[in-house]
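Per-entry structural report
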Amino acid sequence: MEITSENLDEEFVNTIRIDESLGDDEKLFGLSINNRTGLINGLTPKYMEARTKRMFFSQLEDFTGYPRTQAKSNDIGEYLNDFIIGFRNIYSKEANLVKAFSDNGFRNNNRNVLLQIKSESQLEEIITDLQNESQRLLGIFRGNLSGILQQACGHKTVEECNALAEASMIYRIGKDTLERYQNLLLHLYGTTVQDGWDETKAQLKHHGDRMAKIRNQYRSREAVMCRLYIYLRDGMNKNWSNTKLVQDQMRRLRKQVTAGSSVGKVTPRKNPVYCCKHCNSSLHSIGKETCPFEDHPAAVARMKARQAIRLLADPNFDPHTFQITTDSLSDDDSFSDDETDTSNGTSDGETSDGNQE
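Residues numbered from 1 in each chain as written. Predicted model: local features only at pLDDT ≥ 70, side-chain atom pairs only at ≥ 80, totals over all residues. Heavy atoms only, no water.

Further remarks concern unusual backbone geometry. A cis amide bond links Tyr66 to the next residue, Pro67, at an omega of -10 degrees. Looking at the secondary structure, you find Pro67 in the loop between helix H3 (50-58) and helix H4 (76-87). One non-glycine residue with positive phi stands out, namely Asn239, at about 60 degrees. Within the secondary structure, Asn239 is located in the loop between helix H9 (221-237) and helix H10 (243-261). (Helix = DSSP H or I, 4+ residues; strand = E, 2+ residues; numbered from the N terminus.)

Where charged atoms from two side chains of opposite charge come close, those side chains can pair. Evaluated as defined, the whole model comprises 12 salt bridges. A salt bridge links Arg215 to Asp62, with the nearest nitrogen and oxygen atoms 2.9 Å apart. Here Asp62 lies in the loop between H3 and H4 and Arg215 lies in helix H8 (residues 197-217), a separation of 153 residues in the sequence. Across the pair, exposure class does not vary: Arg215 and Asp62 are buried alike. Of the charged contacts, one joins Arg136 and Glu133 as a salt bridge, the two residues approaching to 3.1 Å between their closest N and O atoms. Remark: Glu133 and Arg136 occur in helix H5 (residues 120-152); sequence separation between them is three residues, near one turn of the helix. Using a relative accessible area of 16% as the deciding quantity, one classes Glu133 as buried. One connected set of salt bridges, linked through shared partners, spans Asp19, Arg233 and Asp234. (Salt bridge = Lys/Arg side-chain N within 4 Å of Asp/Glu carboxyl O. Buried < 20%, exposed > 50% of the residue type's maximum accessible area, 1.4 Å probe, protein only.)

A few words now on the environment of Gln217. Checked against the element boundaries, Gln217 lands in helix H8. Judged by relative accessible area, Gln217 falls into the partly exposed class, the value being 45%. Each C-alpha atom of the pair Gln217 and Arg227 lies 9.9 Å from the other, and the pair is 10 residues apart in sequence.

Chain-level statistics for the protein give a pLDDT mean of 74 and a share of 62% at 70 or above. Low pLDDT, under 50, characterises residues 261-274; the predicted model gives this stretch 25 contacts beyond four residues in sequence or across chains. Below pLDDT 50 for its whole length, residues 333-357 participates in 43 contacts with residues either more than four positions away or in separate chains. (pLDDT = per-residue confidence, 0-100. Contact = heavy atoms within 4.5 Å.)

This part covers helix H6 (residues 158-166). Within the sequence span of H6, burial applies to Cys161, Asn162, Leu164 and Ala165. Down the axis of H6, the buried side of the element spans an arc of 165 degrees, and every buried residue falls inside it. (Arc of directions from axis to C-beta.)

Turning our attention to the packing of H5 against helix H7 (residues 169-195). Relative orientation of the contacting elements H5 and H7 amounts to 175 degrees, with a least axis distance of 10 Å. In terms of axis orientation, H5 runs roughly antiparallel to H7. Each of Glu120, Leu123, Glu124, Ile126, Ile127, Leu130, Gln131, Ser134, Leu138, Phe141, Arg142 and Leu145 in H5 lies in contact with H7, whose residues at this interface are Ile170, Tyr171, Gly174, Lys175, Leu178, Tyr181, Gln182, Leu185, Leu186, Leu188, Tyr189 and Thr192. Residue classes in the contact of H5 with H7 are distributed as 15 nonpolar, five polar and four charged. (Axes fitted to C-alpha atoms, helices over the stretch in contact; angles between N-to-C directions. Parallel < 35°, antiparallel > 145°, perpendicular 65-115°, else oblique. Nonpolar A, V, L, I, M, F, W, Y, C, P; charged D, E, K, R; others polar.)

Quick look at the structure:
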């Protein structure tokens, strides 16, 4: 069917809608990623020819693969320079749709950026670089879509095609993917600040492994890009937490507690296993001021921390529907031999008036 100004405008007006498939890891906007033809037809203007639809869809950028570095290079600027040069003049007046961008490296291991982050400083550098380059990347992405529209609908001006490209479902999916990918990186950096690098490493591996699995699970690039969008969509909606992550975290906490009890009779102030010297646990970051039990005497705080750990380790515990408060924990618990008697409510190494011995 011929592409006219009127039907193209009408098609794009209806593309701004809510993704009603939230929570379904096989669908986006009501379309199954396992039906390649249905996916392409559903996310591209219906008045485009089949070949043009495929070209338009193929421009969906692999934003979760940024920054794309060589095997032994972490220089994002070097890659971005090559990336931009590769796109330069693709859609010049002399070009045709056959020269449209084609990405055949979407399964490459170098695209699994999360699994390549080895330090807090590297994570911070990637976040900064993406923040600086995100608008440029989106501009290139929009230009690629606009170029196809210019050739498919020659009577449109460049400005009109840019506007139509930016209103398309393909652009929206790409933009949302980039923004949610940046949100995940910021979440990981926040985890580093609050819980330490070891916890961040575990989450990097968790998310990296799952995104790597997605790249190898689906046959078509279109399905991979859409499944990555879905993963980030649902992950951000759950604040990047799920049952397995919570169970793994509780397993690490239990190991820490076990390691602490095997040290022998040492005072909590000298025990390096614990983050908090007040509640004698690693449930939160260092310092009594961040302890959820700071209003309780030290001995009671330690008792409640143990109760919290047992509660979180319960396989029937749902972290999405329950929030721990000091009121949700009882004051009835037994104490181990290496903890302070509750009669004076003081911690080891302190007198009843709160002074150090």
